[in-house]
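Close look at the chain arrangement
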Amino acid sequence: MAEKLQTIVTQISQITAEFQRELAGAESRNDAEQLKLKYLSRKGPIQNLFGLLGTLDNQDRPQAGAELNRLKADVQKAIDAKIESFYVETASIESFDPSLPGQDWPVGGIHPLMVVMDEIKQVFAGMGFRIEEGNEIETDYHNFEALNIPPHHPSRDMHDTFYLGGKYLLRTHTSPVQIHVMESQKPPIRMIAPGKCYRKDTPDASHSPMFHQVEGLCVDKGVSFADLKGVVQAFALKMFGRDVKVRFRPGFFPFTEPSAEYDFSCFCKGKGCRVCKNTGWLEISGAGMVDPAVFGFVDYDPKIYSGYAFGMGVERIAMLKYEIPDIRIIYENDLRFLEQF
Ligand code: PHE
């Protein structure tokens, strides 16, 4: 073999051995990248040997060229594989088993009471009612006085509440929102006001010291009790379907005249159950025509305007809709209950 060819062949095996040793010692992607630079750059040892090809005899050139090309390709492949191996390690693809079942992340949901609340809002919005926000901390004036309930009126007994000192208290119903709205807006008014209410009630199957109501108020020229009945009836139909019956009974509230209490027929269809205490009816709340005395507090002229108002116990509606036998279950946050929705 020609001497020059021999030198190149020897160098090829030296470079190969050296490269293998260094490649085995590479411990990071960075090490491997450095090797790539060292061996494959234009000033690297392999490129250097390519430069010597021109010094060979013509007949030796093809063999030397072929061996150099193979060396270059081998080094390139080995380094790329090494670099790749570090990526694989970081992503730990080797330890990923796609046949295992996925990880189960618990997904929360909207509380059933809020689902019902949203549905109520939607039904009334569809009938042209605006949604108003009220305050859970109210003044005695808005919660009682302006609703025609003076300080020593006996109806305050049923609304015993949490007094915060001074004139402030936790509202016992959503009716004070009627006053806020009429104080700040002129008729025509068509609004509902959903929210929390508080009373010093001992919890039992149908009472809770914190509960939710939706207040409704409509004031305009020529509004009548028939409109009130029609709206409540339409609501019941939308919310429960054709089966539910609505019943108005005479009632008394200082801020409506005449007043009524109204019931929806129970899901037990009169067979009798715990929720309706075997009456077949579930009391939803009170309603009536806005008392002219209330218009006096907000400077509306009762000779021009009339209106109706109604309350709605949201828990009652939820109990009826989902056949929940005890109001306390709604607040216990027991997953066995919540997961059913
Ligand atoms: N606010 C009354 C209650 O909570 C219900 C009601 C609302 C009655 C509107 C008449 C008109 O008992």
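Structure shown above.
Residues numbered from 1 in each chain as written. Predicted model: local features only at pLDDT ≥ 70, side-chain atom pairs only at ≥ 80, totals over all residues. Heavy atoms only, no water.

This part covers the pattern of salt bridges. Counted according to the given criterion, the structure contains 13 salt bridges. Note that K321 is salt-bridged to E119, the shortest N-O span being 3.1 Å. Of this pair, K321 sits in helix α10 (residues 314-322) while E119 is found in helix α5 (residues 112-126), placing the two residues 202 residues apart along the sequence. Where R249 meets E283, a salt bridge forms, and the shortest distance between an N and an O atom there is 3.9 Å. Note that R249 is positioned in strand β7 (residues 246-253) and E283 in strand β9 (residues 281-290), a separation of 34 residues in sequence. With relative accessibility at 35%, the residue E283 sits in the partly exposed group. Beyond isolated ion pairs, a larger network of salt bridges with shared partners links R247, R249, E261, D263 and E283. (Salt bridge = Lys/Arg side-chain N within 4 Å of Asp/Glu carboxyl O. Helix = DSSP H or I, 4+ residues; strand = E, 2+ residues; numbered from the N terminus. Buried < 20%, exposed > 50% of the residue type's maximum accessible area, 1.4 Å probe, protein only.)

A few words on the packing of aromatic side chains. Taken as a whole and assessed by the stated rule, the structure comprises 16 aromatic pairs. Ring centres of F240 and F264 lie 5.9 Å apart, and the angle between their planes is 75 degrees; this geometry places the pair in the edge-to-face category. In this pair, F240 is assigned in helix α8 (residues 225-240) and F264 in strand β8 (residues 256-265), connecting sequence segments 24 residues apart. Owing to a relative accessible area of 0%, F264 belongs among the buried residues under this scheme. Put simply, the rings of F124, F129, F225, F235, F240, F248, Y262, F264, Y308 and F310 pair up and form one aromatic cluster. (Phe/Tyr/Trp six-rings, centres within 6.5 Å; stacked < 30°, edge-to-face > 60°.)

Our focus in this paragraph is helix α7 (residues 176-184). The complete set of buried residues in α7 reads P176, V177, Q178, I179, V181 and M182. Summarising the contacts, the buried residues of α7 are in contact with β2 (137-139), α6 (140-143), β5 (189-198), β6 (210-220), α9 (292-297) and β10 (306-310). (Contact = heavy atoms within 4.5 Å.)

Turning our attention to the sheet that holds strand β4 (residues 168-170). Read across the sheet, three strands follow the order β2-β4-β3 without closing on themselves; strand pairing throughout is antiparallel. Every interior strand has two partners, whereas the edge strands, β2 and β3 (163-165), have only one. Strand-to-strand twist of the sheet, defined as the mean angle between neighbouring strand axes without regard to direction, takes the value 35 degrees. Where β2 meets β4, three bridges bridge the pair, whose relative direction is antiparallel. Pairing of E138 across the sheet is with L169, part of β4. (Pairing = 2+ DSSP bridges. Axes fitted to C-alpha atoms, helices over the stretch in contact; angles between N-to-C directions.)

With that settled, consider the site of the ligand. The immediate surroundings of the ligand are formed by 15 residues, with H173, S175, R199, Q213 and G311 found nearest. One of the side-chain N or O atoms of H173 is found 2.9 Å from a nitrogen atom in the ligand. Between the ligand and Q213, the relevant distance is 2.9 Å, taken from an oxygen atom to a side-chain nitrogen or oxygen of the residue. Starting from 330 Å² of accessible surface for the ligand in isolation, the protein chains cover 94%. At the level of elements, β6, β9 and β10 are the ones that each hand at least two residues to the shell around the ligand. (Near = heavy atom within 4 Å. Polar contact = N/O pair within 3.5 Å; in protein donor to acceptor, adjacent residues only side chain to side chain. Areas by Shrake-Rupley, 256 points an atom, 1.4 Å probe, with all protein chains shown as cover.)

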